Amino acid sequence: MVSNTLMRIVAPCWKPSVEGDSSNRGGDASGRADGLLWYKDSGPQGTFVGIYDGHGGPEAARFVNQHLFENIKKFTSETHGMSADVINKAFLATEEAFLSLVQQQWQDKPQIASVGSCCLVGIVCSGHLYIANAGDSRAVLGRLDNKEVKAVQLSYEHNASIESVREELQSLHPDDPHIVVLKHKVWRVKGLIQISRSIGDAYLKRAEFNREPLLAKFRLPESFNKPILKAEPTISEQKLDPEDQFLIFASDGLWEHLNNQEAVDIVNNCPRNGVARKLLKAALREAAKKREMRYSDLKKIDRGVRRHFHDDITVIVLFLDSNLISSSSSCRGPLISIRGGGGTPGNFIT
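Residues numbered from 1 in each chain as written. Predicted model: local features only at pLDDT ≥ 70, side-chain atom pairs only at ≥ 80, totals over all residues. Heavy atoms only, no water.

Colleague: Let's hear about the overall build of the protein: which residues, and what values?
Modeller: Summing up its helical and strand segments, the protein has 10 helices and 15 strands in all. The 350 residues of the protein split such that 50% are buried. Long-range pairs, those at least 24 residues apart, make up 65% of the contacts in the protein between residues at least 6 apart in sequence. Total accessible area on the protein stands at roughly 16100 Å², and carbon and sulfur atoms take up 47% of it. (Helix = DSSP H or I, 4+ residues; strand = E, 2+ residues; numbered from the N terminus. Buried < 20%, exposed > 50% of the residue type's maximum accessible area, 1.4 Å probe, protein only. Contact = heavy atoms within 4.5 Å. Areas by Shrake-Rupley, 256 points an atom, 1.4 Å probe, with all protein chains shown as cover.)

Structure representation (structure tokens):
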């Protein structure tokens, strides 16, 4: 999902970063912000992207949208630099804050314990790219290689359908033979959920929420001593090269219908303005084809019912300026040029 808050963050950012811009929109003691860019006069300058794919309800995704970036800015300011440790601390701080909210609302709104969000974050700072993922969204890089733009997957999904994820779960819970269960031909954690990492899903993090008044369909028959799901993201860091052309961040709804190279080819071969709409449309056409129906007929189905035909899709595409990347040696200069053309809440951003 894409909240109105995220749209307000994204809306003003469609222009290149300008060194020395004194705008303080969204700024605070941790640094000034201008759209997706944030910086301090003598400290880090960066670009932030977040994909928050909620499930069970919108509360967790909205909470993450309001707090995760602020926590990253806070820890970056405290340590005077960006690092994997900063990002990890920000994820865990956001998780703890949301679980505290669940505790506060438990008696009046117990179903908030079953709400969670997959979180994919991309940060460009000092010519380096950080990708942090907790859930099943994906980041893909389009890289120029011998006159062709090839797809490079930068994150992997924490989904029980992947054998390595099942093996990780089994190694973390060696005394639980039912930590992953094949249910209706789909692997699920405890037979309930496909993802193994998220922010939220308190009913699988703390045993105190695995009881009434939470609905029976979310409750496990037995208690547990340690969290079943994790909130820690997997984090990768790499230096950006002039050959790196663009980044695609998208929820799993896109990748169910397009593979990495198909998505990269669409971005590479289409005008930049509105290219996320092109990705969305291509995915929906594939969804319609799989159902043996026309794309025009799929679009006519009400959104609530359409969830039976395809998952929600959120897409963000960032175009990298190779000249800026190659000339950047510190956080003080502009690192990235972002151009795009608007978006529609709930569907996509470009």
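That shown, we press on.
Colleague: Any details on helix 4 (residues 163-172)? Residues and values, ideally.
Modeller: For helix 4, the complete set of buried residues consists of Val165, Arg166 and Leu169. Along the axis of helix 4, the buried residues cluster in a sector spanning 100°; they form a single face. In helix 4, the exposed positions angled more than 90 degrees off the buried face are occupied by Glu163 and Ser171. Residues of helix 4 that are buried in the fold lie against strand 8 (180-183) and strand 9 (186-189). (Arc of directions from axis to C-beta.)

Colleague: Outline the nonpolar core, listing residues and values.
Modeller: The biggest cluster of nonpolar side chains holds 28 residues, and the ones touching the most others in it are Val102, Ala113, Val189, Ile193, Leu204 and Ile228. Contributions of two or more residues to this core are made by helix 2 (59-79), helix 3 (84-105) and helix 4. It is helix 3 that provides the largest number of residues to this core, a total of three residues. Membership of the second largest hydrophobic core comes to 22 residues, among which are Leu258, Ala263, Val275 and Ile313. (Core = buried A, V, L, I, M, F, W, Y, C linked by side-chain atoms within 4.5 Å.)

Colleague: Any details on a positive patch on the surface? Residues and values, ideally.
Modeller: A cluster of like positive charges, contributed by Arg277, Lys278, Lys281 and Arg285, occupies part of the molecular surface. Relative to the assigned elements, arginine 285 resides in helix 7 (residues 275-290). (Patch = residues over 30% accessible without salt bridge, like charges linked within 9 Å, V, L, I, M, F, W, Y side chains within 5 Å. Salt bridge = Lys/Arg side-chain N within 4 Å of Asp/Glu carboxyl O. Lys, Arg positive; Asp, Glu negative; His and termini not counted. Charge placed at Lys NZ, Arg CZ, Asp CG, Glu CD.)

Colleague: Could you give an account of the state of the cysteines, with specific residues and numbers?
Modeller: The full count for this structure, using the stated rule, is zero disulfides. Unpaired in this structure, cysteine 119 has its nearest cysteine sulfur neighbour in cysteine 118, at a distance of 7.2 Å. For cysteine 119, a relative accessible area of 0% corresponds to the buried category. (Disulfide = S-S within 2.5 Å.)

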